Amino acid sequence: MAVRFVLDGQVVEIAEPDPTGTVLDYLRGALRRTGTKEGCAEGDCGACTVLVGEAAGECVAWRAVNACILFLPMIHGKALMTVESLAQGGELNPLQACMAGNGASQCGFCTPGFVMSLHGRAIGALGSELPVADVIAGNLCRCTGYGPIVEAGEKVACLAQDDSATLAALRALGADGASGTFGDRLWFAPRSSDELAAVLAEYPQARIVAGATDVGLWVTKGLRDLDTLVFIGDVADLKAIEESDAGVRLGAGVRYAEAHPALSRLHPDLGELVRRIGGLQVRNSATVCGNIANGSPIGDGPPALIALGAELTLRGLEGRRTIALEDYFLNYGKQDRRAGEFVESAFVPRPDAATRVHISKLSRRFDSDITAVLGAFALTVDQGTIVAARVAFGGMAATPRRAPACEAALIGQPFEETTIASAAAALGEDFAPLTDVRGSAAYRIEAARALLWRLWHREQGVPVSVLEIAG
Amino acid sequence: MNAEAAPLWPVATKPSNPHDSAHLHVAGLARYADDEPEPADMLHLAFGFSSEARARITAIDLSEVRAFPGVVAVYTAADIPGENNVGPIAHDDRVLADAEVISHGQPVFLVAATTRLAARKAARLGKVTYEPLPPMVTVDQARAENSRIEADQRMAQGDAAAALATAPHRLAGTLRIGAQDHFYLEGQIGLARPGEDGQIHIVSSSQHPSEVQHLVAHLLNKPSADVTVEVRRMGGAFGGKESQAALFAAAAALVTHHTGRPAKFRCDRDDDMIVTGKRHDFEVAYEAGHDDEGRLLAVKLRFSARCGATMDLSPGINDRTMFHADNCYFLPDVEILSERLKTNTVSATAFRGFGGPQGMLAIERVCDHVAARLGLDPLAVRARNLYGRGRDVTPYGMPVEDNIAPQLIARLRETSDYDARRSAIAAFNATNPVLKKGIALTPVKFGISFTTTHLNQAGALVHVYADGSIQVNHGGTEMGQGLYIKVAQIVADAFGVPVGQVRITATRTDKVPNTSATAASSGADLNGMAAHNAAMAIRDRMAAFLAGAYGCAPDEVRFARGEVVVGGETIAFGDAARRAHLGRISLSSTGFYATPDIAYDRPSHKGRPFYYFAYGAAVSEVVVDTLTGEHKVLAVDILHDVGRSLNPAIDRGQIEGGFVQGQGWLTTEVVEWDAKGRLLNHSPATYKIPTASDRPKRLRIDLWDGENLKPTIHRSKAVGEPPLMLANSVFCAISAAIAATTPDKADLPPLDAPATPEAVLRAIAGHRAA
């Protein structure tokens, strides 16, 4: 079965797609659209940024993504916009003209990616409410120092775009799912969770792919041949965001960028954390539940959500079950997900007024970096006494997990410096972190303790983050 | 006169023309090597890499590689017809390893397949048997085995030991300076196409097409005349494509030679980072003697560089470290020792600044150390040590004749409000228990010329067509720095035509031969002057011809505004060209330029290696989180000297980009090898160059309003490398912020570069404990 998508208002059909062929390779190879560049082939540099669009009422909802780790079945039924789409009739669009005139390119290799990220912001694509620097945090430039690029993005902050032809073509394509074979490999792109459940019932070992920001690298870097694949990014009933007084429920298909506003409302620290997960292109692809389901010890979502008391609902052959999020992570590379089961949703409770939430991510670079240590704290203080504490860390163990000794040192104690000191000391019982490329064991434990002190100073009203300081 | 207010271009051209390819960059239409249309029979290449850092190869079994679907050919060192080398100086850089491997990731065999994926997958199936030896990964390990790429070098003036012994104050310290990956966004790539009669055409993303040409010729036992190398543009280079590009071009050429088919090697990012060289990392030890005011009386510096497995460009790079260990400061009695250690890590190579940044950072640390000991503002110490009247000879015996550092620093101190901000920072630090701010002003004096004297030459080729359009070619390569537009402006100015009338074409070894690398910031100085000379030769011929036709003197013929004024008549430039052509006047000329007045005696490390110096200074203000070690650069003020700017917009771009690149080197970019010599940071997931938000919140760049005292092209100065070292101010400011954790301590925090959160926490702990 073919993958069909809309490019510049025209339907393009890929008769027998390699399910792990990338959109980038297809653009540069089959379509000879070489404006989209490969800089890293792992979603970290943004040189391959394209926009993917879907019909949303009378509009097309666009989002910027990395084409280098976007598999062909993932654009089935969607629209694609590349840098070549912008200059109509040979005339640069206003953003391109502004960048060209503003010294925003030097070697020019990263430039098409920046153009697409900023164009997306200007036409109201997903995440376009963010400041320019955040929108291009997933685009690396080694030449300019970014100043002229940011200026151009701020100057041309709004562009009108006629999407009528794209919308018409998308509607003509319809919203059916797809499936196919490639050699002896099977792939499915279902559109409902019942279809998904049926596929998994038949192929319980099928690899579930949501945003492919992790699995993509298995292919581009690991050169792995993946067997049966199920793409769940377009399962309609897994895309719900339910926001209530009790909390936020996120379906398995909800991308980080889509969840960002609701999670920010849940707590500003959570919003700030999400802002720093990957670049926007990654958050526009990666799902919150995928970040949980893959069981990474350094996923940014899980420790924060564990501290907030999140629950995970899985659906399998025997129906649904709901577990505490921390119970999902059994060991390194091992999760509590049975054959044929899939993560259906995550529920994050809204912290009450008496609970003080602090979430800190430490990495070498503030934006678009993988965490060295992530600490998340939810302390409930009643009349000066800590009556409840949930403390979770990422980067400190083989899985994201809670810090029971630290929690025990906090609960029932007065909220004061001596308590913080003993809780910080207790982290030595909770964790024996590893030395790796992101930090030494000694640094990790010291930094983890520092985050408790950051919490303390912050509660005293002291500015504790360098990001809060003006020049 | 301000370099921007009084522009160079009085006539038809504007000084701040955008980059010549800007309109193509933004449209995705600028063509890079990988964007060339692929012939149907093109082969794609991949290397099989060494899994060991140091080992003898005892057996190679490539049967599974050959059997992989899509594989057309597999080659080892035995298949190289000529010299198995891509080394630029010593002939010690193997294309493919033969009997031994000397660094992890070294190419051992080469796979050619019908698709890139097939080549990459097949390359992982090779079975190479090794007899491993303990690798020398660190400089200490190399020193223990007396493993060096060349003899230690010594540059000295006076008697440092004696002066040290008698100095009123003495101090000593160490500094580790990390390596840096270039992280050009376009990875390494080479593409070869067969021509007739054994000729070969190569498209390479290289700063040094002539070297690629010569290396390929030797590799294939061909005359250089049979090899043509073409470079339209690179997607960034920064020194990383000066020598390192040759490997991929050579591999492609080898496959084309054997198969008669076009071949392309586009390297994967991880492989690129593992296989190609980086900026040298250093261990520096220093001793200094100074007086009560902080004046340096004696300085001893020892630079120990991890040069990697082969010589590459390490001699010149480490020489430049020595040349810049004075920076702007007069060191009356000084000894600079340089150890060039040969390790089993990928060979270190050129990177913007070419060893200069490491030398400069070391002496800035010495200044900071002196200031800390005396409780002085480091800027006061710096100011007291600047070159000046009677104190104007460098450690290599060259008088500093164009010293503007004192005035430039004084002006920046004023315009940046340095003193008031220093006071405000002290107040902030007194009140916040967690966050500490720091500020630093550091200057830059960078010597301009290749220190290998013969490289300071360039050629150009200019054609005026009979319709008045002009084509320019020169030996310089475009890597984003704006060289092409600068040279186009120079030629347009010579003919008095709008710059749009000048088409600048891809750099090719068959147009301008025997070129030097586009490096050492020299691109515009050398090639601009060569192109100017070519253009003037044609203009003089046109003027002489027209003067003859109109009966006036040649110097009365004027070229301006796209027109030629001759004998009281004004004719369009195109008409003038057509008439000259009909008059059988050659409208094509080569041009040549060799930098005058430079000479250097390397054995004694004395002479005049530089034509002139480029200057600059920066004030950086940072805030450091003393709990986590995180920092943020808050504000940066830069005053930089580009002489009389050829193109202020381009120059400002170089300054800002260079600064941020230097900031990355000193803060977030970590290069580490494990004990087995394996590189740990080989992708953007683990190697962190600055993003947009790392750019200082406030960044102000002013150009110094002077012109080059030397008669360079239009009195401009080189700009490519010097701004990178302005970022030394960031490192010194972070150190100052750390020192604020214990303000009464008269010592320097033991901070190493890069100042990652972990390094900052280590320095805080070390400072407290000291």
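All figures in this text were calculated on a predicted structure; none of them were measured in a lab. (Residues numbered from 1 in each chain as written. Chains lettered and ligands numbered in written order. Predicted model: local features only at pLDDT ≥ 70, side-chain atom pairs only at ≥ 80, totals over all residues. Heavy atoms only, no water.)

J.: Help me out: how do you make sense of the packing of helix α18 (residues 728-739) of chain B against helix α19 (residues 757-769) of chain B in this one?
T.: Two measures define how a pair of helices packs: the angle their axes make with one another and the distance between the axes. Residue and element names in this part refer to chain B. Contact pair α18 / α19: the axes reach a minimum separation of 10 Å and the direction vectors enclose 45°. Accordingly, the angle class assigned to the pair α18 and α19 is oblique. By crossing handedness, the relation of α18 to α19 is classed as right-handed. Here Ile734, Ile738 and Ala739 of α18 come into contact with α19, specifically with Val760, Ala763, Ile764 and His767. For the contact of α18 with α19, a count of residues per class yields six nonpolar, one polar and no charged. (Axes fitted to C-alpha atoms, helices over the stretch in contact; angles between N-to-C directions. Helix = DSSP H or I, 4+ residues; strand = E, 2+ residues; numbered from the N terminus. Parallel < 35°, antiparallel > 145°, perpendicular 65-115°, else oblique. Left-handed = near helix turned anticlockwise from the far one by under 90°. Contact = heavy atoms within 4.5 Å. Nonpolar A, V, L, I, M, F, W, Y, C, P; charged D, E, K, R; others polar.)

J.: Explain the packing of aromatic side chains here, please?
T.: The relative placement of two aromatic rings is captured by the distance of their centres and the angle of their planes. Residues and elements named next belong to chain B. In this structure the tally under the stated criterion is 24 aromatic pairs over all chains. Aromatic pair Phe47 and Phe49: ring centres 6.2 Å apart, planes at 65°, arrangement edge-to-face. Linked through ring pairs, Phe323, Tyr396, Tyr600, Phe610, Phe613 and Tyr615 together constitute an aromatic cluster. Against the face of Phe183 rests Arg269, its NZ or CZ located 4.3 Å from the ring centre. (Phe/Tyr/Trp six-rings, centres within 6.5 Å; stacked < 30°, edge-to-face > 60°. Lys NZ or Arg CZ within 6 Å of the ring centre and 35° of its normal.)

J.: I tried to follow the nonpolar core on my own but got confused; where do I start?
T.: One broad trend across soluble globular proteins is that nonpolar side chains are buried collectively. Ranked by internal contacts, the top residues of the largest apolar core, which has 184 residues, are Phe393 of chain A together with Leu301, Ile470, Phe495 and Met542 of chain B. Every residue in contact with Met542 of chain B, bar those within four places of it in the chain, is listed here: Phe495, Phe559, Phe573, Ala576, Ala577, Ala580 and Leu587 of chain B. Counting 62 residues, the second largest nonpolar core, distinct from the first, contains Ala100, Val132 and Leu170 of chain A together with Phe183 of chain B. (Core = buried A, V, L, I, M, F, W, Y, C linked by side-chain atoms within 4.5 Å. Buried < 20%, exposed > 50% of the residue type's maximum accessible area, 1.4 Å probe, protein only.)

J.: How do you make sense of the domain arrangement of chain A when you look at a structure like this?
T.: By a widely used convention, the size of an interface equals the accessible area lost when the partners come together. Residue and element names in this part refer to chain A. Domain boundaries in chain A define domain 1 (1-175), domain 2 (236-349) and domain 3 (355-460). Between the C-alpha centres of domain 1 and domain 2 there is a distance of 27 Å. The interface of domain 1 with domain 2 comprises 17 residues on the first partner and twelve residues on the second. When domain 1 packs against domain 2, the two sides together hide about 1100 Å² of surface, and 51% of this comes from carbon and sulfur. Per-residue buried area on domain 1 facing domain 2 is highest for Arg63, Leu126 and Asp134; these three make up 40% of the total on that side. At the junction of domain 1 with domain 2, the criterion picks out one salt bridge. Between Asp134 and Arg275 there is a salt bridge, and its shortest N-O distance comes to 2.7 Å. The tally of links from domain 1 across to domain 2 stands at six residue pairs in polar contact (both at pLDDT 80 or more). Mapped onto the side of domain 1 that touches domain 2, the elements with two or more residues apiece are β3 (49-56), β4 (59-66) and α4 (132-135). In terms of residue count, the dominant contributor to the side of domain 1 that touches domain 2 is β4 (four residues). The residue makeup of the side of domain 1 that touches domain 2, split by class, is six nonpolar, eight polar and three charged. (Domains from an automatic or database assignment. Buried area = accessible area lost by both parts, 1.4 Å probe. Salt bridge = Lys/Arg side-chain N within 4 Å of Asp/Glu carboxyl O. Polar contact = N/O pair within 3.5 Å; in protein donor to acceptor, adjacent residues only side chain to side chain.)

J.: Whenever I open this one, the interface of chain A and chain B confuses me. Can you help?
T.: At the junction of the two partners, chain A supplies 74 residues and chain B supplies 81 residues. Across the chain A/chain B interface, buried area totals approximately 6300 Å², and carbon plus sulfur atoms make up 57% of it. Area buried by chain A at its contact with chain B is led by Arg142, Leu223 and Arg364 of chain A, which between them contribute 15% of it. Remark: the boundary between chain A and chain B carries twelve salt bridges. Here Asp625 of chain B ties to Arg454 of chain A by a salt bridge, and the two come within 2.8 Å at their closest N and O atoms. Sorting the residues of the side of chain A that touches chain B by element identifies α2 (94-101), α3 (111-122), α5 (147-155), β17 (355-362) and α17 (441-459) of chain A as the ones contributing at least two each. In terms of residue count, α17 of chain A provides more of the side of chain A that touches chain B than any other element does, seven residues in total. Grouping the amino acids of the side of chain A that touches chain B by side-chain chemistry returns 36 nonpolar, 20 polar and 18 charged.

J.: Explain the sheet that holds strand β27 (residues 612-625) of chain B to me, please; I cannot follow it from the model alone.
T.: The pairing of strands in a sheet happens through backbone hydrogen bonds and is either parallel or antiparallel. Residues and elements named next belong to chain B. What the four strands build is an open sheet, ordered β16-β27-β28-β29; its pairing is mixed. For this open sheet the edge positions go to β16 (435-448) and β29 (698-703), each flanked by a neighbour on one side alone. Each strand axis lies, on average, 15° off the axis of its neighbour in the sheet, ignoring direction. In this structure, β27 lies alongside strand β28 (residues 631-640), joined through nine bridges in antiparallel fashion. (Pairing = 2+ DSSP bridges.)

J.: Hey, could you run me through the environment of Leu215 of chain B in this one?
T.: All names here are of chain B. In this fold, Leu215 is placed in helix α6 (residues 209-220). Judged by its relative accessible area of 10%, Leu215 falls in the buried class. C-alpha separation for the pair Leu215 and Gly87, spaced 128 residues apart in sequence, amounts to 8.2 Å.

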